[in-house]
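Tertiary structure, described
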Amino acid sequence: MFHKVIILSLGIFALTGCDAQKKSRINTKASEMQTNPKAMNSNDQKDGVLYLSEGENKFLREYQMNVTFKGVSEDSRCPEGANCIWAGVALAQVEVMGTSTRPMTLNLASADYPGKDYHQSAEFNGYILTLQDVAPTPKSQDGAKALTGKYKIGITIKKADQSTNSTKK
């Protein structure tokens with residue numbers, strides 16, 4: 001009988017210890033999110049810009065489309081700390097799919113460069129998607145290859161004018 005009481009009290013003691021650990025973890029996470037804005041989800045919209053990490057997808061109910069940031073296929077931007085003649089561009093693949101359409105991959109560039117057929121904006125399902133930001137910027141010692149899997153982009157989505165051609169990218 002004495003052994004049962006000891007085992008029961010040890011079990012209760014262990015369970016209350018686990019509960020206290022969970023509460024302290026939740027409180028720590030909540031205070032971190034309040035003090036560190038970078039701890040917020042990357043898909044939060046700020047000033048109308050939707051931020052996505054590489055490989056992340058999000059369904060946008062107001063536009064009835066799913067947006068997936070597949071990755072960056074080219075990053076020729078001038079590295080930090082280097083002197084460059086041309087600023088370069090980053091080319092991001094964004095897959096979009098409407099509720100009644102097939103998926104389509106849009107190549108969005110960080111700057112318009114018609115000579116290479118790079119466009120900062122593309123049209124899909126009556127909306128214009130524009131690449132606003134690509135982060136991080138390459139460093140001169142590491143180059144763009146070191147950033148694979150670490151990219152984040154910011155895009156805006158606006159209703160297209162009815163007068164524009166819907167097949168134009």
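Structure first, text after, so check above.
Let us look at the structure shown here. This is a predicted model, so every value here is computed, not measured.

So, about the sheet that holds strand 3 (residues 57–60). The strand order across the open sheet formed by four strands is 3-4-5-6, and the pairing between neighbours is antiparallel. Pairing within the sheet leaves two strands with one partner each, and these edge strands are strand 3 and strand 6 (104–109). Neighbour-to-neighbour, the strand axes of this sheet turn through a mean angle of 30 degrees, independent of strand direction. Relative to strand 4 (residues 65–75), strand 3 runs antiparallel, the two sharing four bridges. Looking at the pairing, Phe59 lines up with Asn66 of strand 4.

For the rest of this paragraph, the subject is the packing of aromatic side chains. Enumeration over the complete set of coordinates arrives at two aromatic pairs. Ring geometry for Tyr63 versus Tyr127: centroids 5.1 Å apart, planes at 80 degrees, classification edge-to-face. Note that Tyr63 is positioned in the loop between strand 3 and strand 4 and Tyr127 in strand 8 (residues 127–135), a separation of 64 residues in sequence. Per residue, the accessibility class of Tyr63 equals that of Tyr127, and both read buried. Taking the centre distance of 5.4 Å and the plane angle of 45 degrees together, the rings of Trp86 and Tyr113 count as tilted. Separated by 27 residues along the polypeptide, Trp86 in the loop between strand 4 and strand 5 (90–98) and Tyr113 in the loop between strand 6 and strand 7 (121–124) bring together distant segments of the chain. Overall, Tyr113 belongs to the partly exposed group, its relative accessible area being 34%. Taking the ring centre of Tyr127 as reference, the NZ or CZ of Lys159 above it sits at 5.1 Å.

Cut-off values and rules
- Residues numbered from 1 in each chain as written.
- Predicted model: local features only at pLDDT ≥ 70, side-chain atom pairs only at ≥ 80, totals over all residues.
- Heavy atoms only, no water.
- Pairing = 2+ DSSP bridges.
- Helix = DSSP H or I, 4+ residues; strand = E, 2+ residues; numbered from the N terminus.
- Axes fitted to C-alpha atoms, helices over the stretch in contact; angles between N-to-C directions.
- Phe/Tyr/Trp six-rings, centres within 6.5 Å; stacked < 30°, edge-to-face > 60°.
- Buried < 20%, exposed > 50% of the residue type's maximum accessible area, 1.4 Å probe, protein only.
- Lys NZ or Arg CZ within 6 Å of the ring centre and 35° of its normal.

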